[in-house]
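Chains, contacts and geometry: an overview
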Amino acid sequence: MTDIGQRKTSQTLRQDSATEASARGQTGRASGGGGAPGGRGKTTIADGVVEKIAGLAARDVEGVHAMGGGLARTFGAVRDRVPGGTKSVSRGVKAEVGEVQTALDLEIVVEYGVSIADVARDVRENVVAAVERMTGLEVVEVNIAVSDVKLPDEEDEEPEGRLQ
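Figured I'd write up the structure that's included with this text. Not measured: the values here are computed from a predicted model. (Residues numbered from 1 in each chain as written. Predicted model: local features only at pLDDT ≥ 70, side-chain atom pairs only at ≥ 80, totals over all residues. Heavy atoms only, no water.)

1. A few points about the overall build of the chain
Of the regular secondary structure elements, the chain holds four helices and four strands. Secondary structure elements of the chain, listed N to C terminal, follow the sequence α-α-β-α-β-β-α-β. Counting every position in the chain, which comprises 164 residues, the buried fraction comes to 26%. Sequence separation of at least 24 residues holds for 70% of the intrachain contacts in the chain that already meet a minimum separation of 6. Approximately 11,100 Å² of the chain is accessible, and the part contributed by carbon and sulfur atoms is 50%. (Helix = DSSP H or I, 4+ residues; strand = E, 2+ residues; numbered from the N terminus. Buried < 20%, exposed > 50% of the residue type's maximum accessible area, 1.4 Å probe, protein only. Contact = heavy atoms within 4.5 Å. Areas by Shrake-Rupley, 256 points an atom, 1.4 Å probe, with all protein chains shown as cover.)

Right, here's the structure in full:
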C-alpha cells in the first residue's frame with residue numbers, strides 16, 4: 001500500500017471510531033487519549049431502582065391512600081407483618097427501563113372525596129420529576145390505574161404494626 005493509501009485508511013478508521021463513540025454518547029478524541037472521565041463507561045439502571053423512586057414519589061402525593069391492587073396490598077400487608085420483613089415501596093409500580101428512556105405503570109388507591117384527575121396529574125408530575133432528577137432518564141409515559149377508593153369508614157388493609 002502506498003503512503004497515501006495508508007494515511008487514507010488510518011483517517012477513515014479514526015472517523016469511524018469518532019462516529020461510533022458519538023453514537024454511544026461518548027466524548028473525547030477519536031484517536032485515543034481518553035476524554036472526560038464521565039464518558040468512560042456505561043451506566044445501567046435496574047427496573048427496580050426506577051420502581052422504588054416512582055413508588056416513593058407517588059406516595060408523597062396528597063390523596064394517594066395506597067399503591068397496588070387489592071391482592072398485592074393483601075400479600076404486602078402479610079409480608080410486612082413477618083419479622084424482618086420490609087415494606088415494599090415498589091408495590092403497585094412497574095417500570096420498563098431502556099438506555100435513555102423509561103415508561104411507568106402505577107396502580108393506586110385514592111382517598112374518597114379527592115379529585116381523581118387532580119391526584120393522577122399530581123402523581124404523574126411528581127413521579128416524572130423524581131425519576132428524571134435522580135436517574136437522568138427521560139420518562140416517556142406514566143400510566144395510572146386507579147384500582148380502588150378508600151372510604152372514610154373502611155378499615156385499612158395495612159394496619160400499623162403492633163409490638164408483640
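2. Quick notes on the pairing of strand β2 (residues 93-97)
Every regular strand shows the same layout, with side chains that alternate between the two sheet faces. Taken together, the five bridges between β2 and strand β3 (residues 101-111) define a ladder with antiparallel strand orientation. Directly across from V97, in β3, lies its bridge partner T102. Joining the antiparallel neighbours β2 and β3 is a turn of three residues. (Pairing = 2+ DSSP bridges.)

3. Points about the nonpolar core
Ranked by internal contacts, the top residues of the largest apolar core, which has 24 residues, are L104, L106, V123, V127 and V131. When residues of this core are traced back to their parent elements, those giving at least two are α2 (47-59), β1 (64-67), β2, β3, α4 (116-135) and β4 (138-150). Broken down by element, this core gets its largest block of residues, six residues, from α4. Not counting the four nearest positions on each side in its chain, V123 is found in contact with A58, V61, V64, L106 and I144. (Core = buried A, V, L, I, M, F, W, Y, C linked by side-chain atoms within 4.5 Å.)

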